[in-house]
Amino acid sequence: MYDTERLEAIQALQNALAESDAVAVKAALQELDAPQIIDNWGEFAPEHHLVILTLLPASEAAEVFSHLEEDEQTALLEALPRWRVKELLGELYLDDLTDTLQAVEEEDPELAEEIKAQLDPETRAEVEELSEYEEDEAGGLMTSEYIALRDSMSVEEVLRFLRRAAPDAEQVYYLYVVDAAERLEGVVSLRDLIVADPKTRVREIMNPDVKYVRTDTDQEVVARMMADYNFQALPVVDENGVLSGIITIDDVVDVIEEEATEDIYRLGAVEAPELVYSRSTVWELWSARVRWLVVLIVGGMFSSTILESFEATLSAVTALTFYLTILLGAGGNTGNQSSTLIVRALATGDVRGRDWWRILIKELGVGLLLGLTLAAVLAVLGYSVNESVVIFDRIRENFRKQRRASVTEVIDNAITSTISRTIITHGCTQMMVLSMLFLGGATLHYFAVALTIGILFGIYSSVFVAAAIAMWLGVKREDLIKPVKETDETDGAVV
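Residues numbered from 1 in each chain as written. Predicted model: local features only at pLDDT ≥ 70, side-chain atom pairs only at ≥ 80, totals over all residues. Heavy atoms only, no water.

### Section: the sheet that holds strand S4 (residues 213–214)
Then comes step 1: Overall, mixed pairing links the 3 strands, which are arranged S4-S5-S6 in an open sheet. In the strand order of this sheet, the two ends are held by S4 and strand S6 (243–248), each with one partner.
Then comes step 2: Where strand S5 (residues 233–237) and S6 come together, 5 bridges link them in antiparallel fashion. For alanine 233, the partnering residue across the bridge sits in S6 and is threonine 248.
Then comes step 3: Helix H15 (residues 219–229) contacts S4, S5 and S6 of the sheet and is inclined by roughly 135° relative to S5. (Pairing = 2+ DSSP bridges. Helix = DSSP H or I, 4+ residues; strand = E, 2+ residues; numbered from the N terminus. Contact = heavy atoms within 4.5 Å. Axes fitted to C-alpha atoms, helices over the stretch in contact; angles between N-to-C directions.)

Given below as C-alpha cells:
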C-alpha cells in the first residue's frame, strides 16, 4: 500500500472512531494490516484502542497486542471483555503469551490468575514451565511450539505429519530431529524435504552438525549467534541436551533493539535500559540521568585542578584563556568518540573485557596523534586570526610614529614589516603540514591539503584584505590614535 493510501485509510479509521460508527470502523480496519496499525498506534486516542482490538479479527488483534508495551497490555486486558481476552490470548504464541502473563502478574496478580484459569491445562503447564526462565536468557525467549522429527521417519511421513501439525507451529522452515530421549540429533530444512525422494529417511538428509544454545545462554549471545549464522530459528537444549524449544528471528529482533537501546543510553550516560521517554515522568527521567552527571562533575573537578597548576601561565598570556573552551569541548568530543567506538566494539563482540590493556595502549596512541593534529589546526587558525590583528596594530603604531606620512605609506609600511614575520612563522607551520601531507595517509592527506590552501591563501590574504578594508573605509590617523593636545606656552599667564 502506498503511503498516500495508507494515510487515507488511517484518516478514515480515525474519522470512523470519532463518529463511533462500528460498521465504518470495521470497513477501515479491513484496509489496514497489523504492522500499519502498530506503526500508527500512538495516533489513536487511548479510548479507541479498546475498540480497535475488539473489532479486529482475533489473529490480527493478537499481532497488534503482542507489540504493545507491557503496562499497556495489562491495562487493555483489564478493560477488554472477557470473551475477547480469551480469543486474544488463544491466538498468541506461547512465548508472547508467557511474557504477557508475567507482565500482568507484576501489575495485577489477581488478573493474572484469572487469565490463567481460562487457559487449557496443557497450555497453562507450558506457560508455567517457560515462566521459570529469566527474561534475558534463551529459555525466556524460546517457544515450545516447534516440530520435532525422528530420524527413522520417511520424507513422505514427515510431509503428511506437517499437514496436521504445521498450523500450530511457530515456524516450519527448519525441523529438528531428536532421538527417543528427546535429545537433539540434527536439523533438516523444509526445502530438503520437498526435493527429496518420498521414501528417503530423515537420517539420510539431515544435518547432524546443528548449532544450538543452552536455556541459560544470555540473550545477547543468542542474537549475535543468529546474526552470524543468518538463522531463522535456533534450537534450545537443557543441560542434558534435550530439546526444550526454539528461538525465532522475530524474538531476536526485539532483543537486538533492546540491546542497541541500552548501548545508546550508556553512551549518553543514562542508566535506564528500559526507559520509554514518552511514558516516563519527570522524576524517572531525573533519576536516570542525575547519577552519571554527578560522577562527571566530580571528574570535572580534577580537570579544574589541572588548570589551576597553569594559573601563572594563563595570567602571563591572557590570550590563552580564549582557547580553554575549545580545549574542553575537544576533550569532551574525543571522549564521546572513544566511548562510542569501544561500547560498539563490546556490543558486537569485536573486543572483550580482557582486552582492556590492548584498548588502553591503542587509545593512548590515537590520543597522542589527535592531540598533535588538533594542536596543528589551532596553531594555523591562531596564526590566521593573529595576522589580521597584527596588521591593524602595526597600522595604528605607524600612525603614531610616522606622523608626516600619508595613509597609503603608513599601510604599506605595516604590510612590509608584517609579511616577513608571516613568512617565517607560517613557513615552519607549512613544513609540519607537508609532513602530514606525505606521511599521514589517505585521511590526513586531504586535511593537509586544506591546511596548505589556508596557509597559502587565507592567511596572507587576511593581511592584504585587512589593509584594503582600512583604505576603503578611509581610515585616518585621528581614527586610531588620540590627537596630541597642544600645551599653552604662556602657562596660563595673562598680560
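### With respect to unusual backbone geometry
With glycine set apart, most residues show a phi of negative sign, and most peptide bonds adopt trans.
Then comes step 1: Not every positive phi belongs to a glycine, and glutamate 182 is a case in point at roughly 70°.
Then comes step 2: In this structure, glutamate 182 sits in the loop between strand S2 (174–178) and strand S3 (184–189).
Then comes step 3: Despite not being glycine, asparagine 230 shows a phi value in the positive range, around 55°.
Then comes step 4: Residue position: asparagine 230 is located in the loop between H15 and S5.

### What about helix H8 (residues 94–107)?
Helical geometry: 3.6 residues make up each α-helical turn, so side chains three or four residues apart lie on a common side.
Then comes step 1: Helix length check: H8, at 14 residues, gives a terminal C-alpha distance of 20 Å against a target of 20 Å (1.5 Å per residue), a fit within 8%.
Then comes step 2: By the criterion of burial, H8 is predominantly enclosed, with 10 of the 14 residues buried. (Expected span 1.5 Å × (residues − 1). Buried < 20%, exposed > 50% of the residue type's maximum accessible area, 1.4 Å probe, protein only.)

### Some thoughts on the nonpolar core
Then comes step 1: With 51 residues, the main nonpolar core has Leu13, Ile52 and Ile247 as its most contacted residues.
Then comes step 2: Among the elements that take part in this core, helix H1 (residues 3–18) stands out by supplying 5 residues, more than any other.
Then comes step 3: Apart from residues lying up to four places away in sequence, leucine 13 is in contact with Val25, Ala28, Leu29, Leu32, Phe44 and Ile52. (Core = buried A, V, L, I, M, F, W, Y, C linked by side-chain atoms within 4.5 Å.)

### Focus on the packing of H8 against helix H9 (residues 109–117)
Then comes step 1: Packing of H8 against H9 leaves a shortest axis separation of 6 Å and a crossing angle of 145°. For the pair formed by H8 and H9, the contact residues are Leu101, Val104, Glu105 and Glu107 on the first element and Pro109, Leu111, Ala112, Ile115 and Lys116 on the second.
Then comes step 2: Its residues placed into classes, the contact of H8 with H9 shows 6 nonpolar, no polar and 3 charged. (Nonpolar A, V, L, I, M, F, W, Y, C, P; charged D, E, K, R; others polar.)

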